[in-house]
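Structural characterization, general
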Amino acid sequence: MFRAFRSEVENAVEAALDALDLPTDDLGVEEPPEDVPATLASSVAFRLAGAVGAAPPAVAEDVADAVDIDDCEYVGRVDTQGPYVNFYVSDAYYADTLDAGRADDYGTLPPTDTSVVVEHTSANPTGPVHVGRARNPIFGDAVARVLEYAGNDVERHYYVNDAGRQVAVFTWAYETFEESDLPEPERDRADYDLVRYYRKGNEFLESAEGDVAEAAEAEIADIMQGLEAGDEETYERVAVVVDQVLGGMRTSLERLPAEFDRFVKESQFIRNGDAADVVQRLKDSEHAVYEEEAWQLDLSAFGLEKNLVFLRSDDTTLYTTRDLAHHEWKFENYDEAVTVLGEDHKLQAEQLEAALEILGNDTDTLRQTFYSWVNLPEGGMSTRKGTGVDLDDLLDESIRRAREEVEDRLGSRVRNDELDEDDIDRIAHQVGIGAVRYDIVSKQPTKGITFEWERALDFEAQSAPYVQYVHARCCGIEGEAAAAGIDASTDVSVLDTDAERDLLRDIARFPAVIEEAAEDLEPHVVATFAREFAETFNTFYRECSVLNAADEDVAAARLGLVQASRHTVANALDALGIEAPESM
RNA sequence: GGGCGCGUAGCUCAGUCGGACAGAGCGUCGGACUUCUAAUCCGAUGGUCGCGGGUUCGAAUCCCGUCGCGCUCGCCA
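These numbers were taken from a predicted model, which means no experiment stands behind them.

Time to look at the overall build of chain A. On a plain count of helices and strands, chain A comes out with 20 helices and 14 strands. Seen through its principal axes, chain A has C-alpha atoms that stretch 85 × 70 × 40 Å. Looking at the 584 residues of chain A, the share that counts as buried comes to 53%. When the accessible surface of chain A is summed, it comes to about 25,900 Å², and 42% of that surface belongs to carbon and sulfur atoms. Across chain A, the 50 positively charged side chains and the 126 negatively charged ones have centroids separated by 5 Å.

Looking at RNA strand B, there are 69 residues lining it, with D35, Y84, E292, Y469 and Y541 nearest. Within 4 Å of the protein, the atoms of RNA strand B are drawn from sugar and phosphate moieties in a proportion of 64%. A distance of 3.2 Å is found between a phosphate oxygen of RNA strand B and a backbone nitrogen or oxygen belonging to Y319. In the environment of RNA strand B, a sugar or linking oxygen lies 2.2 Å from a nitrogen or oxygen atom belonging to the side chain of R542. Grouping the amino acids of the surface near RNA strand B by side-chain chemistry returns 25 nonpolar, 21 polar and 23 charged.

With respect to the element layout, V242 can be found in helix α9 (residues 232–255). With relative accessibility at 1%, the residue V242 sits in the buried group. In the structure, V242 is positioned 331 residues away from L573 in sequence and 34 Å away in space, judged by C-alpha atoms. Contact partners of V242, with chain neighbours within four places excluded, come to P125, V160, D162 and V167.

All right, on to the pattern of salt bridges then. Taken as a whole and assessed by the stated rule, the structure comprises 42 salt bridges. The salt bridge partner of R384 is E206, with a shortest N-O separation of 3.2 Å. Separated by 178 residues along the polypeptide, R384 in the loop between β13 (374–375) and α14 (391–410) and E206 in helix α7 (residues 190–207) bring together distant segments of the chain. On the accessibility criterion, R384 (33% relative accessible area) is partly exposed. Among the residues examined, E206 registers a relative accessible area of 61% and is labelled exposed.

Okay, the state of the cysteines next. Per the counting criterion, the structure on display carries zero disulfides. Between C474, a cysteine without a disulfide, and C475, which holds the nearest cysteine sulfur, the sulfur-to-sulfur distance is 6.8 Å. Judged by its relative accessible area of 18%, C475 falls in the buried class.

A few words on the domain arrangement of chain A. Under the domain assignment, chain A is made up of domain 1 (2–89), domain 2 (162–253) and domain 3 (384–575). Computed over C-alpha atoms, the centres of domain 1 and domain 2 are 65 Å apart.

Right, let's talk about the pairing of strand β6 (residues 153–160) for a bit. The buried fraction of β6 amounts to six of the eight residues, a majority that puts the element mostly inside the structure. Taking the sense of rotation as the criterion, the β-α-β connection linking strand β5 (residues 115–119), helix α5 (residues 131–149) and β6 turns out right-handed. By the bridge criterion, four bridges tie β6 to strand β7 (residues 262–265) in an arrangement that is parallel. By the bridge assignment, Y159 is partnered in β7 with V264.

Below, the discussion takes up the environment of D487. By the secondary structure assignment, D487 is in the loop between α17 (464–483) and α18 (498–520). Sequence-wise, D487 and E552 are 65 residues apart; in three dimensions their C-alpha atoms are separated by 9.2 Å. Excluding its chain neighbours within four sequence positions, the residues that come into contact with D487 are A556 and L559.

Now for the side chain of R196. Among the secondary structure elements, R196 is positioned in helix α7. Reaching out from R196, the side chain makes a polar contact with the side chain of E179 at a distance of 2.7 Å. Among the polar contacts made by the side chain of R196, one reaches the main-chain carbonyl oxygen of P183 at a distance of 2.6 Å. If sequence neighbours within four positions are ignored, R196 has contacts with E179, L182, P183, E184 and P185.

Here we take up the sheet that holds β7. One open sheet holds the five strands; their spatial order is β7-β6-β5-β11-β12, and the pairing between them is parallel. Each of the sheet's edge strands pairs with one partner strand only, and the pair in question is β7 and β12 (366–371). Direction aside, the axes of adjacent strands within the sheet are offset by 25 degrees on average. Bridging between β5 and strand β11 (residues 336–342) involves four bridges; their strand directions are parallel. Bridging across to β11, V117 finds its partner in A337.

Analysis parameters
- Residues numbered from 1 in each chain as written.
- Chains lettered and ligands numbered in written order.
- Predicted model: local features only at pLDDT ≥ 70, side-chain atom pairs only at ≥ 80, totals over all residues.
- Heavy atoms only, no water.
- Helix = DSSP H or I, 4+ residues; strand = E, 2+ residues; numbered from the N terminus.
- Buried < 20%, exposed > 50% of the residue type's maximum accessible area, 1.4 Å probe, protein only.
- Areas by Shrake-Rupley, 256 points an atom, 1.4 Å probe, with all protein chains shown as cover.
- Lys, Arg positive; Asp, Glu negative; His and termini not counted.
- Charge placed at Lys NZ, Arg CZ, Asp CG, Glu CD.
- Near = heavy atom within 4 Å.
- Polar contact = N/O pair within 3.5 Å; in protein donor to acceptor, adjacent residues only side chain to side chain.
- Nonpolar A, V, L, I, M, F, W, Y, C, P; charged D, E, K, R; others polar.
- Contact = heavy atoms within 4.5 Å.
- Salt bridge = Lys/Arg side-chain N within 4 Å of Asp/Glu carboxyl O.
- Disulfide = S-S within 2.5 Å.
- Domains from an automatic or database assignment.
- Right-handed = clockwise from strand over helix to strand, strands pointing away.
- Pairing = 2+ DSSP bridges.
- Axes fitted to C-alpha atoms, helices over the stretch in contact; angles between N-to-C directions.

See below:
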């Protein structure tokens, strides 16, 4: 309802300014501070004071008088407070909010008929997913979910690097070194198993000199040439490594869960000739230069100082070259493309966008969004060097601590619903994984995060369990109410306390929060909303009992409010990829 | 050194397309369970919004400068 209310307010202000012969380019519609009872306000009087020749409060009066809300359904009243014109919601606003909240998909926006491909994670298939990378699937999956809630037709893609130098090194190492020379794997799974060869290979290359180094490099170059030439046998050799490691990584990612509709291998753009086609078209462009035996793009016309090499002197393509073909494929098949990347890829992303324009693409449909790396107190994490915390270890530890919490609370539990072993297991997983996700997704992606165990696994702070608990409380009330024979109503006229009205106002805002998160690709606003909503609900919970309400009508309406609250909190959590427990 | 990002309470963070006295949680201190689940609630405490200028009726928010931290500047990805 908030979105409809806002639109009514904007139209009303614009019409009022028109009637007064004043400019309408900036309506100044904004949300007032919390202690102001209005739901929206306009600060337009400040700006018009000069032109009108009167003090802002007087102008505000004029505007308020000129505002006509007769046709408004959700604007109930207008007044002024100093220089501000304040807009209050109508009874219909509350009534329709409660009614809309009955739907279990509440918060979902109308279909946009737009297909959006969200590419995220796309980590090189070189080893287990570590926490430094884990921000990508958590943030990326939330972006995809939020876009879905906003009415888009979303596909999630993982772009698999199976054609670059790193996998060539990996393949060579896998075929060259003996298992007996390697340390024990940390887990019995392909990614943990094979990463040992990758680390060993890199170690070898760093220290090797002379003929030995040259021989190794020759073998690696041979693999890269084979890939470039479309040699089947080479693809098969590489795939042995890539598919196994990727399979292991998927197992980790699915625990979050971060699942994908499609794994797009970059080698396909070499094999189908698209990469070669891109190379030819770039060579023909006016920005192409041939320097030091390699083909490059001079991107100074796009404000980029560094040239982009798109064809090596040995005629092999680079990651970005193949990614150009990949993006043209996306443009052909989807209305919009969103890519979630680490901040270390910013320059490459700018070069990609410029090159796509040179190739004649409209890049307005491409949005590349970035997140800062998660570092350890002692520095960065690296698969190659083997430094960092594995995502599996973080999730295991989080679940373990969550289970401890559940077991600790069993004794002091008021509710007599007898949690069995399966319930404890379920809650430990929901809370443990939810806490990790919330910790990551609730922060602005541009801000750096230093990983610290105790902070990431703090269940007391502004965290997933706090929000999840509200959902469990809603489920508990609904269960008790059903047993007591109470049927929910949508009669808001008996919901007149501050706590009830505040809760309705928060429920009403939820779709607008989804809209904002999708527009800005910032799921953390949903996390902030969920936390604030939980606070509002907990106040309601304390002050407004459903089972012990003064009369049946109030009990029924409050039960309706609890249902709408449950849908709101469940879907806010779902948009973040966090499970909503029915009991805790 | 150039480019990009970040800097808000002791700590972790919201707020940043200019607007009403800068908000939470944690911590500290003090309260609330015979009540629909206390993983909860209520109160107190705590801030030169890195620093210095500028624009404006109004700046945490925009501009310039400066300091600190991160990323980046490969024929790696």
